[in-house]
Each structure stands twice: as structure tokens, then as C-alpha cells.
Amino acid sequence: MAKTLKSVSERPRVKPYPSEEGGRFITRQWFPIGLVLLNALLSTVAEVLLKIGATHPPAFTLPEPLGFVSAVFSFWVGVGIIAYLGSLSLWLVALPRLPLHLAYGLSSTVHLLVPLACWLVLHETIPMGRLLGMLFILAGTLLLGFSHE
Amino acid sequence: MLTLHTFALVALSQLALATGEVFLKHASGSDLKPIAHGAIQTGWYTIGIASMSIWFFCWLHLMRFFELNRLFAFEGVSPLLVACASALFLGERITIRAWFASFLIALGITLVAVF
């Protein structure tokens, strides 16, 4: 019996999950959470740069049927691709340090950041119906991100 | 404007993105599937990267026809496809909450397509 009690007391403490520690988890994991949020921000920057690049004529145009590849010769598309690679690198660094569902849920903030950037940087108009649709998509992706067991 | 041509490209891009993610996940292994090694792993990675490249070029092409805020909303399809593909090919479970989330995303995309 004594041996059993001893073995229980010596059992290594299981690393708590987010639900067990609540806010303390965020304080302790601020670095990977920050990386995922920075990844979302860089993805947004990349999307905006790709959009600017896609709507400007490229420096070099390939003949058809390879015409669709010409856009990669645009300066803005090049910078956009670098931003995408940067965001992918941050994602790969953060992923082993966070549960997948949490990382995926946090990364869905791009569905909020991209429309905001479209409005602020590209001066696009967003009708109310479309805005409502975007909010449904944001809610859905967040819920999907946190629905893993 | 959403025509049959652009709709087909949106569908192809999201299908390619989801396929790429599933193949990359399959190559790197999961709790339910062991990590593949050697030529097989390289093959999965190659298919994954090729699919991602298809997504990238389709996406870049589509950006010429749509406002970014409208086009980006269609990215909501990929989590749905990934969830379904994970269940079908990687043996992962889809919860009731995930089905409800899928319904919200589908409703949101319909609204974005209409307005």
C-alpha cells in the first residue's frame, strides 16, 4: 500500500490543457500565440500585396497559354510571396508549441483582418449583406477551429 | 462578377488548397497515421506542394476579377473541405459543433456570393 502511495506521489505532473488553467495558459504561451497572430497579420499583408500586383501590369509577359504565370513577375506579387513565406515560417515555428485546434482557431482572425485591410488600404466598399456573410464565416471558422476533441 | 468560369476556378482553387493541406499532413504524419519515410514521404510532399501551387496560380488569376474582400470570403470553403477530407482520408472525427460551424460557413459564403 505504502509502495502504491509512493508511486502515485512520484507520478509526474501532467501538463495542464488550456481549459484547466484558463487565462494563465495565454500568459504562459504568449510567444506561440503571438507568432500565430503575427502569421495572420503577415497573411493579410500578403493578400493585399498580391491583389495590388494582380491588378497592375507585370514587368514581363509570357506568351499564351502560360500568360496566367506572368503575374509572378510583378514587384508587388514578389513581395507578397515573401510575406506568404514569412507567415508560413511563423506558422511552422508556432505549430509544435500549441494545440492544433487553438492555432487553427486563432489563425482564422485573417477573416476579420483581410476585409478590414480591403476597406482601409484598397478602399473597397463592403455592402451590409456581404459583411454579415463574412461575420458568419468568421464565426464558423472560429467554431471549427475550436471543435476538435 | 461570379460567372461559371470564375466559379469553376474558385472551386478548383479551394479543392487544390484542401488537397495540398491533406497531403502535407499525410506526409508529416498524425496521431492516427504514422509518418511515411523515404520516397513515399517525398511523393506525398510533392503532391501537396503541386496542389498548393495550383491554388496559388488560380488565386492570383481570380484576383483580377474580384474585389479582395469578396474573393477572400470563399477561402472559408477550405476549412470545410479539410474537415471532410480529414474525416475521409485521415480517419479524424467530425463533431456536432464542427457540423454547426460548417453550416455557418456555408450560410456566410452564400450571403457573400449574393451581395
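Whatever comes next refers back to the structure up there.
The model shown is predicted, which means the values in this text are computed figures rather than measured ones.

Enquirer: Sorry, what's going on with the overall build of chain A here?
Expert: If you tally the helices and strands in chain A, you get 8 helices and 0 strands. Along chain A, from the amino end to the carboxyl end, the secondary structure elements read α-α-α-α-α-α-α-α. By the burial criterion, 32% of the 149 residues in chain A qualify as buried. Considering only intrachain contacts with a sequence separation of at least 6, the fraction spanning at least 24 residues in chain A is 71%.

Enquirer: Whenever I open this one, helix H8 (residues 128-145) of chain A confuses me. Can you help?
Expert: In an α-helix, one turn spans 3.6 residues; hence positions three or four apart end up facing the same way. The end-to-end C-alpha distance of H8(A), which contains 18 residues, comes to 26 Å, matching closely the 26 Å that a straight helix rising 1.5 Å per residue would cover. Those residues of H8(A) that fall on the buried side of the exposure criterion are A:Arg130, A:Gly133, A:Met134, A:Phe136, A:Ile137, A:Leu138, A:Gly140, A:Thr141, A:Leu144 and A:Gly145.

Enquirer: Help me understand the interface of chain B and chain A, please; the structure alone is not making it clear to me.
Expert: A common way to state how big an interface is: give the accessible area lost once the parts meet. Residue-level contacts link 30 residues of chain B with 32 residues of chain A. Of all elements in the fold, only helix H2 (38-62), helix H3 (68-73), helix H4 (77-89) and helix H5 (96-114) of chain B reach the threshold of two or more residues within the side of chain B that touches chain A. Per element, the largest residue contribution to the side of chain B that touches chain A is 13 residues, and it comes from H5(B). A breakdown of the residues in the side of chain B that touches chain A according to their chemical character gives 19 nonpolar, 6 polar and 5 charged.

Enquirer: So what exactly am I meant to see when it comes to the environment of B:Val114 here?
Expert: As for its placement among the helices and strands, B:Val114 is situated in helix H5. For the pair B:Val114 and B:Leu2, spaced 112 residues apart in the sequence, the C-alpha separation amounts to 9.4 Å.

Enquirer: Explain the packing of helix H1 (residues 4-28) of chain B against H4(B) to me, please; I cannot follow it from the model alone.
Expert: Helix-helix packing: each pair is described by the crossing angle between the helix axes and the interaxial distance. Residue and element names in this part refer to chain B. In the contact formed by H1 and H4, the axes pass within 9 Å of each other and the chain directions differ by 45°. With respect to H4, the element H1 is oriented oblique. The two elements H1 and H4 meet at a crossing, and its hand is right-handed. For the pair H1 and H4, contact is made by Gln-14, Leu-15, Leu-17, Ala-18, Glu-21 and Val-22 and by Val-77, Ser-78, Leu-81, Val-82, Ala-85, Ser-86 and Phe-89, respectively. Its residues assigned to classes, the contact of H1 with H4 shows 9 nonpolar, 3 polar and 1 charged.

What counts, and at which threshold
Residues numbered from 1 in each chain as written. Chains lettered and ligands numbered in written order. Predicted model: local features only at pLDDT ≥ 70, side-chain atom pairs only at ≥ 80, totals over all residues. Helix = DSSP H or I, 4+ residues; strand = E, 2+ residues; numbered from the N terminus. Buried ≥ 20, exposed ≤ 12 C-beta atoms within 10 Å, placed from the backbone. Contact = placed C-beta atoms within 7 Å. Expected span 1.5 Å × (residues − 1). Nonpolar A, V, L, I, M, F, W, Y, C, P; charged D, E, K, R; others polar. Axes fitted to C-alpha atoms, helices over the stretch in contact; angles between N-to-C directions. Parallel < 35°, antiparallel > 145°, perpendicular 65-115°, else oblique. Left-handed = near helix turned anticlockwise from the far one by under 90°.

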